[in-house]
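Each chain is listed here by its residues.
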Amino acid sequence: LILHSAGTHFMVKLKNALAYWVCSRVQNDRKFSRVEFRFFAGDTPGEGEVKILGDIQERAARSPAAQLESHLIVGSDADLVLGGLAAMLRNVYVLS
């Protein structure tokens, strides 16, 4: 049985593995040199989709250039799909 709720040992290991993967790609692979990775783990308060979409909207409100950025959200949650549509921003993609 794998418990994948926030705060479980599995989720801590997953967060650390993702952080390692992102850091290794950014540091060692030129393809990722201009890509900004952001992930919110279970230790950040709030619903995942709210954190992600709120971050995108906050960045767009601060900078006109950020409104032209592309965002890929990976997940199959219906809230992500609806939130991506409701964000009223260009270039927000949800991959499920």
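Cut-offs and rules
- Residues numbered from 1 in each chain as written.
- Predicted model: local features only at pLDDT ≥ 70, side-chain atom pairs only at ≥ 80, totals over all residues.
- Heavy atoms only, no water.
- Helix = DSSP H or I, 4+ residues; strand = E, 2+ residues; numbered from the N terminus.
- Contact = heavy atoms within 4.5 Å.
- Areas by Shrake-Rupley, 256 points an atom, 1.4 Å probe, with all protein chains shown as cover.
- Lys, Arg positive; Asp, Glu negative; His and termini not counted.
- Charge placed at Lys NZ, Arg CZ, Asp CG, Glu CD.
- Phe/Tyr/Trp six-rings, centres within 6.5 Å; stacked < 30°, edge-to-face > 60°.
- Buried < 20%, exposed > 50% of the residue type's maximum accessible area, 1.4 Å probe, protein only.

**Points about the overall build of the chain**
Item 1. Along the backbone of the chain there are three helices and two strands.
Item 2. The secondary structure elements of the chain, listed N-terminal to C-terminal, are α-α-β-α-β.
Item 3. Along the longest, intermediate and shortest principal axes, the C-alpha atoms of the chain span 45 × 35 × 25 Å.
Item 4. Taking the intrachain contacts of the chain between residues at least 6 apart in sequence as the baseline, contacts between residues at least 24 apart amount to 22%.
Item 5. Carbon and sulfur atoms make up 58% of the accessible area of the chain, which totals about 7,500 Å².
Item 6. In the chain, which carries 11 positive and 10 negative side-chain charges, the distance between the mean positions of the two groups comes to 10 Å.

**Description of the packing of aromatic side chains**
Item 1. This model, assessed by the stated rule, comprises three aromatic pairs.
Item 2. Pairing tryptophan 21 with phenylalanine 37 gives two aromatic rings, centres 5.8 Å apart and planes at 90 degrees, and the pair type is edge-to-face. You can see tryptophan 21 sitting in helix H1 (residues 9-28) and its partner phenylalanine 37 sitting in the loop between H1 and helix H2 (48-62), a full 16 residues away along the chain.
Item 3. For tryptophan 21, a relative accessible area of 36% translates into the label partly exposed.
Item 4. Owing to a relative accessible area of 30%, phenylalanine 37 belongs among the partly exposed residues under this scheme.
Item 5. On the basis of an interplanar angle of 40 degrees and a centroid distance of 5.7 Å, the ring pair of phenylalanine 32 and phenylalanine 37 is categorised as tilted.
Item 6. Aromatic rings pair up to connect Trp21, Phe32 and Phe37 into one cluster.

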